[in-house]
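Descriptive structure summary
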Amino acid sequence: MPSFLPNRGPGRLIIVEGIDGSGKSTQIALLSQWLRLRGFAVAFSEWNSSPLVKETTRRGKKKEMFTPTSFSLIHATDFADRMERYILPLLKAGAVVCADRYAYTAFARDVVRGVDRAWVRNLYRFALKPDLAFYFKVPLETALGRILGGRNALKYYEAGMDLGLSRNIEESFRIFQGRILAEYESMIEEMGFHVIDATKSIESQQQEMRNIVLREFGTVRPPGVLGVDLNAARLHA
Amino acid sequence: MPNYKDRPPLSYYRTALPGVDYSELQGKLIVIEGPDAVGRSTQIRGLKPWLEELGHAVLDTGMARSALAGKGIKEAKQGNTLGPVTMTMYYLTDFADRLENEIIPALRAGVVVLTDRYIYSVMARALARGENRAWMERTAGFALVPHATFYLRAEVQHLVSRVVVGRGSFDYWESGLDTRFGRNMHDSFVRYQSRLIRVFDSLAEPYGFEVIDATRPPVEVFESLKASVARIFDAPERSQAEQLRKPAQRVQSIRAAKAAGRRD
C-alpha cells in the first residue's frame, strides 16, 4: 500500500479506476449527479486536465518527445496541480470530490511503460488517500469492443505506440490495455478497491455504487460536509 | 577534496531509467550548483570555452531549458497559482527530458556535459519549502551521479549585494514569495535564500559536493574551478587496467540493479 496522505476532511474523496472502455466515467458522472441532487456540494476532477501543463503535454504528444519517465512526471505534475489548487482546498471546504482516474492510473500505465514500480508509488506520496475507490472490472474483449466499436481514431500514446508493441495501432492498443488490466488486477487488494462488475447493466452498477456510498458515509450528511440544505441532504437508497 | 580517480563509472543514484545502458556513457558530467545570484552562469561562460580550448566537446545545459517543459515552466511562473509540489514535479519533468534527450545522448557520444544546476536545485527548492526529504531523494533517484559537483557557496548577505548591485531588484521566485517567507521582498529573499543555503550545505556531504568559496572575485573563483575541473581529466580514463579487469563485473552489476528495479 503506498503511503498516501490521510484526507483530514471534512470533505470526502471518491475515485473511479479501470481500463478504457470499462464504463467508469459514465458511472462517476451518474454518482456525482445523484449526490448533487441530495444536496451535497460536489466537485469533479479528471485525469490529465490541469490547464497549467496542457500546452506541455500537447507539445510532448505532438512531437512524440516523451520517454516513459517524462510521461510519468508530466502526469504527476498535472495531478499535483489539481491536488494543490482544486482537490485539497475543496476537501478542506467540505465538498465531495469525485475523481475520474487517480494515482492508480499512473501505477498501472507507467509500470507497463517500464517505469520502476517502487519509484512511481513513491512519486505520488503527496496524494490524499481516497475515502472510496471503485474499480471497474471488465474483461479485455468487452472493453475493447466498446472502444474500438465506438471510435476509430486511437491516439499514439493512448494506444501505447511508444512501447513498440506492434506497428498496427489497434493491435498495440490491445496489448497495451491487456497489460494495464493485469496491473490493475494485481492492485485490487493492495489498494482496497471496491470492485464493480462492469459487465452488468449501467443501472445495477450505479445502484451498487450508491449502496456502497450509503454504507460507508451513512445516510445523513456528515458534519462539515457542505450542501445546500440539511433536510435535503438525507439520502434515500 | 574529493579524489576523482576513485569515482565509479556513471550510474544512477537509486532507480535505473528504462532503456538506458549505463555502460555506454563515456563523457564527463560536471555540475555547477549553488543558490540564486551566486555567479554560476558567469563561471560556466568561462569554463565552456576553456574546456573547448583543451579539445573537449562541451554541452551546456541548465534548469528549465528542456524542449519539453521549459516553456511551460516559464508560463506557469508568470501566474500566481504554482503550488510547491506542482513546481517540484514540473522541474522534475524538465530535468528528466534534458537527462534522457540531451545529457545521456551527449555522454554516450563522449561529450563533456556542463550543467548549470542539477537535481540538487530541484531538491533544495522543495526542501526549503518544507517537502519531505526521503520522498524527494527517492523521487530524484533516477539522476546520474555526476563526476563532480561544484557548490558555489556564499552567505546570504553576499547574495543580497549581488542582486542589488547586479540586477537592481528582487525576483519573485528567488525571493520565495510564493510561500511568503517574509513581509517584503528583501526579508523574504533573505529568509528563503538562507534556507536554501542550509539545504545545500546539508546535501554537500552525502552527495559529494566540492565547496567553492564564491565570495571571492569571479576571476579567483574561476581559477579554483579550473584547477578542480582539470583534476577530473587527470584521472586515468576509467583506467585501462580497470577496463580490462572489470567490464564483465560492471555490466553484471548494472544488469542486477536493473533486474532488482523491475522486481520491487
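Residues numbered from 1 in each chain as written. Chains lettered and ligands numbered in written order. Predicted model: local features only at pLDDT ≥ 70, side-chain atom pairs only at ≥ 80, totals over all residues. Heavy atoms only, no water.

1. Describing the packing of aromatic side chains
Counted under the stated rule, the structure contains 32 aromatic pairs over all chains. Judged by centre distance (5.2 Å) and plane angle (80°), the rings of Phe66 of chain A and Phe71 of chain A are edge-to-face. Comparing Phe66 of chain A with Phe71 of chain A shows no difference in burial state: the two are buried. Considering the side-chain rings of Tyr120 of chain B and Phe209 of chain B, the 4.8 Å spacing of their centres and the 70° angle between planes classify their relative orientation as edge-to-face. (Phe/Tyr/Trp six-rings, centres within 6.5 Å; stacked < 30°, edge-to-face > 60°. Buried < 20%, exposed > 50% of the residue type's maximum accessible area, 1.4 Å probe, protein only.)

2. So, the interface of chain A and chain B
Counting residues at the interface gives 29 residues for chain A and 30 residues for chain B. Carbon and sulfur atoms make up 60% of the surface buried where chain A meets chain B, a total of about 2,600 Å² over both sides. Our enumeration of links across chain A and chain B arrives at 16 residue pairs in polar contact (both at pLDDT 80 or more). Going through the elements one at a time, helix 2 (54-62), helix 3 (68-93) and helix 5 (117-123) of chain A are the ones with two or more residues in the side of chain A that touches chain B. Tallied by class, the residues present in the side of chain A that touches chain B amount to 14 nonpolar, 8 polar and 7 charged. (Contact = heavy atoms within 4.5 Å. Buried area = accessible area lost by both parts, 1.4 Å probe. Polar contact = N/O pair within 3.5 Å; in protein donor to acceptor, adjacent residues only side chain to side chain. Helix = DSSP H or I, 4+ residues; strand = E, 2+ residues; numbered from the N terminus. Nonpolar A, V, L, I, M, F, W, Y, C, P; charged D, E, K, R; others polar.)

3. Let's talk about the sheet that holds strand 3 (residues 112-116) of chain B
Residues and elements named next belong to chain B. The strand order 2-3-1-4-5 describes an open sheet built from 5 strands, whose pairing is parallel. A single partner strand is all that each edge strand has here, and the edge strands are strand 2 (58-62) and strand 5 (209-213). Looking at each pair of strands side by side, their axes are set apart by 20° on average, direction ignored. Relative to strand 4 (residues 148-153), strand 1 (residues 28-33) is paired through 4 bridges, and the arrangement is parallel. Across the sheet, residue Ile30 finds its bridge partner in strand 4, namely Ala148. In the packing of helix 3 (residues 84-108) onto the sheet, contacts are made with strand 1, strand 2 and strand 3, and the angle to strand 2 comes to roughly 160°. The strands touched by helix 8 (residues 218-234) are strand 1, strand 3, strand 4 and strand 5; relative to strand 4, the strand with the most contacts, the crossing angle is about 170°. (Pairing = 2+ DSSP bridges. Axes fitted to C-alpha atoms, helices over the stretch in contact; angles between N-to-C directions.)

4. Here we look at the side chain of Arg40 of chain B
Residue and element names in this part refer to chain B. Following the sequence through the fold, Arg40 ends up in helix 1 (residues 40-53). In this structure the side chain of Arg40 is engaged in a polar contact, spanning 2.7 Å, whose partner is the backbone oxygen of Pro35. Looking at Arg40, its side chain comes within polar contact range of the side chain of Asp116, at 2.6 Å. With sequence-adjacent residues up to four places away left out, Arg40 is seen in contact with Ile32, Glu33, Gly34, Pro35, Asp116, Arg117 and Leu152.

5. Section: the sheet that holds strand 3 (residues 96-100) of chain A
Residues and elements named next belong to chain A. Spatial strand order, 2-3-1-4-5: 5 strands in an open sheet with parallel pairing. Of all strands in the sheet, those bounded by a partner on one side alone are strand 2 (42-46) and strand 5 (194-197). Mean inter-strand twist for the sheet, computed between neighbouring axes without regard to direction, equals 20°. Summarising the sheet, strand 4 (residues 132-137) and strand 5 pair through 4 bridges and their orientation is parallel. Within strand 5, the residue paired with Phe136 across the bridge is Ile196. Sitting on the sheet, helix 3 touches strand 1 (12-17), strand 2 and strand 3, and the angle it makes with strand 2 is about 160°. Strands in contact with helix 7 (residues 169-191) are strand 1, strand 4 and strand 5; relative to strand 4, the strand with the most contacts, it is inclined by about 135°.

6. A word on empty space enclosed by the protein
A full pass over the atoms with the stated rule returns 3 cavities of 30 Å³ or more. Considered as a void within the structure, the largest cavity measures approximately 70 Å³ in volume. Lining the largest cavity are Val38, Gly39, Thr42, Gln43, Leu152, Arg162, Ala214, Arg216, Pro218 and Val221 of chain B. Where the lining of the largest cavity is concerned, the elements lending two or more residues are helix 1 and helix 8 of chain B. Residues that form the lining of the largest cavity fall into these classes: 5 nonpolar, 3 polar and 2 charged. Estimates place the volume of the second largest cavity at around 40 Å³. Taken together, Thr69, Val115, Asp116 and Trp119 of chain A together with Thr15, Ala16, Leu17, Pro18 and Phe142 of chain B make up the full set of residues lining the second largest cavity. (1 Å grid on protein atoms, 1.4 Å probe; cavity = no way out; pocket = protein on both sides within 12 Å on 5 of 7 lines; lining within 4 Å. Points joined across faces, edges and corners; volume = space filled by probe spheres on them.)

7. Some words on the layout of surface pockets
Residue and element names in this part refer to chain B. In this structure, the second largest pocket encloses a volume near 710 Å³. Contributing to the lining of the second largest pocket are 29 residues, with Asp36, Arg40, Arg117, Arg125 and Glu174 lying nearest its centre. Broken down by secondary-structure element, the contributors of at least two residues to the lining of the second largest pocket are helix 1, helix 2 (70-78), helix 3 and helix 6 (156-166). In terms of residue count, helix 2 provides more of the lining of the second largest pocket than any other element does, 4 residues in total. By residue class, the composition of the lining of the second largest pocket is 10 nonpolar, 6 polar and 13 charged.

8. Observations concerning the environment of Gly83 of chain B
Residue and element names in this part refer to chain B. Its place among the elements puts Gly83 in the loop between helix 2 and helix 3. Owing to a relative accessible area of 11%, Gly83 belongs among the buried residues under this scheme. In the structure, Gly83 is positioned 95 residues away from Asp178 in sequence and 7.9 Å away in space, judged by C-alpha atoms.

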